[in-house]
Amino acid sequence: MDQPVLLPKLQTALSCLYNSHHTNEQHRHEAHQFLLTFKSSNLRRLVVSRLQSQKDRTTTNNHDSNINNIIDAFSFENDLQRHAQDSSAHTIGSIYLSCLALLLASSHQILNNIDCTHERIFAAQTLNHRCRSIKLVESFDIEAEDGLECGVARIVLAWEDEKRRSPNNVAVDADNGGRAAKSKIVLNAWIERYVPMLVHRCNGMTNNNHHASLCHGGQLLAVVLERHSSSLLLGNEDEERGEERIKGNLTMLTLAVALYACAFAEYEEEYYFSRQLKHQQEQQQQQQLRTPWANTVLSELGSALSITALRIRYRPTQNNQDTPSSEPSVPPLIDLLIHSIRVVADAASIYFSQKQQQHQHSQDNTMQTLAQSCHTHAIKRSIAACLMSLPETVLLPPGSDRGEDNHRIPSIDRACLRAASLELRSGNGKGTTEGGGAVMEKMWMEIIKSELGENVNQYEDVAHAMARLDDASASRILECCESWARFVWVPLHVIDVTVGTLGLRYLSVWQDDTPAKQSKHYQKAQQCAFQYLVSIFEGASPSLTVEDILSATLGIAAGKGGGSSSKSSTKKKQGNKSKKRQERRLERANGNVDVAEPTCSAELELLQRKYSASVAAAAVLGVSVRQDGSSSEDTTFGLRSAASTPSTSTHGICSTVSILATSVSPHLLWLERSANDGHRPSEHWWLTLFSLILESVRRLCQSSNRDIRALAYEPLMILHESLNSTPVVRLRMEQIAVDAVCECALALSVSCRYPDCYFLDLAMDNDEDVEFERNDVRDVVRSVSSLDSGNFGTAEHKSPSMLILEHLVNSCNESIQATAQHNLLPPESVVHTLSALAKPLNKLGTKYADQPTQNDCQILMISVLALGSVCERLNLSFRSESLSQILPVSRLALMGLASLSPLFSSLVSVKLRSTTSNVEKQLNHAFDNTLKVALQHAIMSSAKIPELAAESTLKITRYDIRGAMRGPGGEDHVGCIALMRLSFESDNLAFAMLSIYGSSLLRDLASLHQELKTLENNRPPGRDHGIGVAPISRRLVLRTISHLCMLQMKTSGDESGRIILQELLQVPLSEISFQKDLHVTSDKLFRLCESTFDLASFDSIAIADLFNNPTSELGCVFECVLSGYSRLSFSADFDPWFAQWARLRGAALCLLGSCFKQSVTDYSSEVASAVIRAECDAAVCQCDQGPLSGSNIFNSNVVGDEVLHAGAYFVAIKDSLGRIVSNLNTGLEEALAELRRCLAILKRSAVAVHSLLLNKSSEATSHTDPRPTVAEAWFLTMASLVSIFRGANLVSHLTSDDRIEHLIGDALYVSIALMFMKDLGNKNPERSGMSLDGPHTLAMMDFMTEAILFGPGVLAASARSFTTQTQLDHPLQSEELGATIIAAGLLRAASGALPPWAVELTPPLIRSLFIALGNNCDIFIQTLKNATKIECSGNILAGRYFEHVSSVHIDSFLSKMRDACNRGEWNKIKSVLKSACGGKKKDSGFNLKPQYTCWECERL
């Protein structure tokens, strides 16, 4: 055979899958399946596994069975395998050889056949995948060419025979010589058989194409193996190590040949491609530097070579925690790779010399020159590919998690990876950093020798030789350096050459039309230079820690919290458990490495990374690091003008500047502070570089491009974080940084202002890009002035944040006052900035109330005056300015007012102090004026500016229309929000509102509400835009009035508040009374709904008073709710009547909940019970119709996510239970009375709820199943009830009629019964009962955890309920039976009755059961043992996994449970349950762990 066995099938599959002419989907699917099997097939492992199985069977009965029996048995199994068409049968043949043959094919085939591109890419990827994933003896599977029996099995059985002939009782030393000789015979036979086959079958791919290419990979491989095959069999290793070494060497040689051949083909194809394009001038712009396959193929082969070198150099030890030493005869990784390429290069020279002699008369000088150029390019390209792939293959990037940044960790012993990591990071394999960056320097010299020649050895020679480099060589050097810079720190002299000399050739960002700088090679080198810079700066990220570096050095993936890239800031933070596991892995690895002070080494590397980044930044910004600290005056130097010149301000360039600023500026601050503290000498270039960096950031902020401005956000926030690490500002550099941050924040605020004429058409949608940027800028301004750290500075010196806050406040005030002098509205960008400062101002106000200082007082007074000036100017502008001019400024001012309510509350407390200074008196005066004009403006804006100028598009777009008087993405009028926030912030602030505004405040607010209600009535039902505000915003005003009236009634004898409150309360009651006698229509329900929502907006005291003295109006509301359930039908047609009834149902719940916030009255208890029972009865009727029945009530328009779920009334009871407990210490009798009323609701509802939950109808498909949400609300309420009774010890205060054991026991029985209703296995819609895949299972498990601890009476009650409904085969005692049934239910749950995520909730439940049984391990284990045996109708209740298991399995399970309980290791119970109950339930059809349901209904 002239080609590999699998090659035709492989080519056919690739052609079918990637050729556009093949349209048969079935063939494509078959090709895809073949390639998947091809890539993952491992015949060696299959044979070893079959052989081991055969050995286990034969040696059990006959220890003297000979090897022939094993062979015969295996042959028989192999025949069965072929006849059964096992999934591996169609991949008999060498996968490695097939892929190698494709890669060694001639280059000219790609020009003629596009499929070859995909073939080479697939072949290279497959080789890399197999080298990374499986052992050397398995990946190099050439013996598979002879089939399973004659090839793979033969070598495996040969080693097995050697082992069998060396019995354990024979001394090893005596037998070593004989075994080595026999092993050498086997290996020699293998070499004689398969090395010629390797050459022959690779040559078969190219023999017919001698005219097509200058280099035939198969022939080159023959030359290489001819020169080096004799050295394959050296040494006296044991058989396994000998085969591994031989195959490793062959893998290195063959991969190196493939790498050289592909690099040679790349240059050759580019040459022919460019010649063809010369005849087609119109296609010149389409010319590519490289063919599409080259980069991918060379990268994959370089990676495969790297991982093979690692496997050869390091072997796993018996103790996988120990870091292995390198093999004595194997050179370091870099040397091993370079040696492989040099071997092939030397062989290629001989090959071309022989070829030239053979064709010396027919080959012209052009072809000879081309061959020499291809040869030179192939060597350089191959070395660069290996050096570039080595760190990506072996090292972990510091701070990244496994799998991040597409970094794939090879499937290799972690200790070997750790050893290789130490070698590449330290240079000596011991983990120290003496002469740090030694391997980086070695790589650097190897790539320089490759590109410039072997004679370049000294640093001076390298720096001088940089001028001779062409663009292609420069790009290869920079690519290698970039690859290493992502993993290790770059030595300073390498920075000097690569960035300072070589890189700056490509970092000049001025446009240059010279042909040299327009070439593809130059552009490629420039791109590599920028990527190299980015890697250096990202390697010095401020978020990088010593632990990150140490983890990467030791080959341990870091947690998700760290990251060397700014991209990681958006990732999920590492949890506490993950951190602890990471720390344990780090300690374990650290303890098994011969490293001198590893933490100190990591600390030193971190400093070296940061300092190298600083030097690189100085180089590209033209700052000399010499003593004079001078900077280049050339404005075109490096990146100096990158962010300011429009022609060069591309996103890529500016992003480099951004990363530079993010990484370097904090370190420069640290250096300056260290020098100031005397820890190191100061260097003049630090300040110069720091100033240039901040100037670049300023230019980013001033850019006209929104995306470029966004690049300044992270540097500013990182710089502020670094600034704020010091208590006060003392240094010149710190002051420069503060000034720059202030200027940048103001520049960003101005740049993100609304465009001119933006608000002329208020009906248009907001520009989402503008709104996104404005929100981001608000975050930046808020962050750089943040006082969350509590760093306010001292009396003499201010903290950085205080300086920034003061500067921003003063700037805003100056601009506002300047426009006020000319009777103009202030710029909305200024008001935007002022409103963004609300959070730090609130912090400052809180601090000032406790620790007043004159400077703080001044800042607060200026901010209050600025806001007052804005509101005053706005109040005057309603007469003269248009709505489009007022709306944006008013919206921002009111957002700021609402956000500053904590500050106003603090200022009121300052005002109430007995002693105040003159400055404080001025502050109080400013506060009074501002509060008054702000309240006036909030009232005026609510009345005169509609909430929506046109119909809202909030459900379609993230942001609303431009004429929306709402916050970004909000839903309420900001004027109404401001009124509510001020009144509810604190009682003191509410009293200040009443006193400062005057006695007319309540009347003005009532008039505002009446006006808004009139406008609302003038709009058609359901329409919220055009005039007035939406009903929910109007109710905010109503809530504000009610709260202020109640406060006034409590504290003063003024009756005006009571009168106003009664007038307002009478309006919805009158509307309900008017609608009471009308026919029940959808319009009547709408009016009732609006009036009910209005009632629910009043203070809970007023609502509770209504329920204490119930009227017909309240009865009308709940009667209409009850009447809806009586209209249940099984039609799915939409009914507008039920749409309004759904809203009324939510409004009634809000009203009832408002009452429960104050008191659970007898009337409220009765109506709640009636509604719950009516809902449950209707739900039972619905379920009785089956899962396919329709419904006019239980559908998504009436009961669902968009409206209100079934069972919501239980949530109101649950919330009231929490309030009742908080009142136990202040009013025990009243609290007990309310608690009895809650118990009465639950007891009256229990039968209906349990009947619904245990309904055997399967999961609904044609209507919304009400049972899951009812179950969730019921169990949440019951869990709250149990927790309250257990925590407050209320049992002694209740009578026998109030006992709740039976109520809890029945609910516990229902929980267990729901588990027993489920068959085990995958999720099936036809399974009996409702689905348990939802948040109701979370609630149920929480309830069970609490209920079991309530006492033995609950266990007995649940047992009685269970035995009443179910006949057990072997009943136990009542209390013992309850615990046994619960344990059986938990085992059944873990066996598949509950979703897989529910297993996470079992440890606390098991612990509760253990505690309930008196913390007695023996009783607990006996209970579990009984649970595995208890039967009902001949079936084990615990599930099928306990039906046919041996006693050994049960005893093992119980032993593990006993051990976990004795040690208190409850988390281990999860794994014990999984192993006992069938393992993980993968592909079971269940969802992920859910969240609890939202019961919000105020916005229906």
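Quick notes on the rules
- Residues numbered from 1 in each chain as written.
- Predicted model: local features only at pLDDT ≥ 70, side-chain atom pairs only at ≥ 80, totals over all residues.
- Heavy atoms only, no water.
- Salt bridge = Lys/Arg side-chain N within 4 Å of Asp/Glu carboxyl O.
- Buried < 20%, exposed > 50% of the residue type's maximum accessible area, 1.4 Å probe, protein only.
- Helix = DSSP H or I, 4+ residues; strand = E, 2+ residues; numbered from the N terminus.
- Core = buried A, V, L, I, M, F, W, Y, C linked by side-chain atoms within 4.5 Å.
- Phe/Tyr/Trp six-rings, centres within 6.5 Å; stacked < 30°, edge-to-face > 60°.
- Lys NZ or Arg CZ within 6 Å of the ring centre and 35° of its normal.
- Expected span 1.5 Å × (residues − 1).
- Contact = heavy atoms within 4.5 Å.
- 1 Å grid on protein atoms, 1.4 Å probe; cavity = no way out; pocket = protein on both sides within 12 Å on 5 of 7 lines; lining within 4 Å.
- Points joined across faces, edges and corners; volume = space filled by probe spheres on them.
- Nonpolar A, V, L, I, M, F, W, Y, C, P; charged D, E, K, R; others polar.
- Disulfide = S-S within 2.5 Å.

All right, on to the pattern of salt bridges then. Across all of its chains, the model carries 53 salt bridges by this definition. Between R966 and D960 there is a salt bridge, and its shortest N-O distance comes to 2.9 Å. For D960, a relative accessible area of 5% gives the class buried. Between E1090 and R1143 there is a salt bridge whose closest N-O contact spans 2.6 Å. Separated by 53 residues along the polypeptide, E1090 in helix α44 (residues 1082-1096) and R1143 in helix α47 (residues 1136-1158) bring together distant segments of the chain. With respect to class, E1090 is no different from R1143; both count as buried.

Turning next to the nonpolar core. W1274 and F1343 are the most contacted members of the largest nonpolar core, which has 470 residues in total. Take this core: its biggest share by element is 16 residues, from helix α12 (residues 239-278). Counting eight residues, the second largest nonpolar core, distinct from the first, contains I549, L554, A602 and L606.

The final tally for this structure, using the stated rule, is 28 aromatic pairs. Ring centres of F140 and W190 lie 6.4 Å apart, and the angle between their planes is 55 degrees; on these two criteria the pair is classed as tilted. Taken together, the residues span a long stretch of sequence, with F140 in the loop between α8 (136-139) and α9 (147-164) and W190 in helix α10 (residues 172-203) at a distance of 50 residues. Across the pair, exposure class does not vary: F140 and W190 are buried alike. Taking the centre distance of 6.1 Å and the plane angle of 75 degrees together, the rings of Y611 and W685 count as edge-to-face. Placement of Y611 in helix α25 (residues 598-620) and of W685 in helix α27 (residues 685-701) is noted, with a sequence separation of 74 residues between them. Every member of this aromatic cluster is reached through a ring pair, and the members are Y96, F140, W190 and Y194. The ring of W293 has R120 sitting right over it, with the charged end atom 4.8 Å from the ring centre. The ring of W1137 has R1127 sitting right over it, with the charged end atom 4.0 Å from the ring centre.

Another point: α44. The α-helix advances 3.6 residues per turn, and as a result positions three or four apart in sequence lie on the same side. In a regular helix each residue adds 1.5 Å, so 15 residues correspond to 21 Å; α44 covers 21 Å between its end C-alpha atoms and thus fits that length. α44 sits mainly inside the fold: 12 of its 15 residues count as buried. Buried residues belonging to α44 abut α41 (1001-1018), α42 (1031-1051), α43 (1056-1076), α45 (1100-1108), α46 (1112-1126) and α47.

This part takes up empty space enclosed by the protein. Counted under the stated rule, the structure contains 15 cavities of 30 Å³ or more. There is about 160 Å³ of room inside the largest cavity. Along the wall of the largest cavity there are 19 residues; nearest its centre are E771, R891, R966, G967 and P968. Of all elements in the fold, only α31 (768-784) and α36 (883-899) reach the threshold of two or more residues within the lining of the largest cavity. Of the residues that constitute the lining of the largest cavity, the class distribution is seven nonpolar, six polar and six charged.

So, on to the environment of S1159. In this structure, S1159 sits in the loop between α47 and α48 (1162-1184). For S1159, a relative accessible area of 12% gives the class buried. Note: C-alpha distance between S1159 and E1230 (71 residues apart in sequence) is 9.1 Å. The residues contacting S1159, other than those within four sequence positions of it, are A1104, R1219, E1230 and E1234.

Before going further, it helps to spend a moment on the environment of C757. Here C757 is to be found in the loop between α30 (732-751) and α31. Given the relative accessible area of 57%, C757 is considered exposed. In this structure the C-alpha to C-alpha distance between C757 and S884, which are 127 residues apart in sequence, comes to 8.6 Å.

Take the state of the cysteines next. A covalent bond bridging the sulfur atoms of two cysteines is what the word disulfide describes. Scanning the model with the defined rule gives zero disulfides in all. C1120 forms no disulfide, and the closest cysteine sulfur to it belongs to C1116, at a distance of 4.4 Å. Note on C1120: relative accessible area 6%, which makes it buried.

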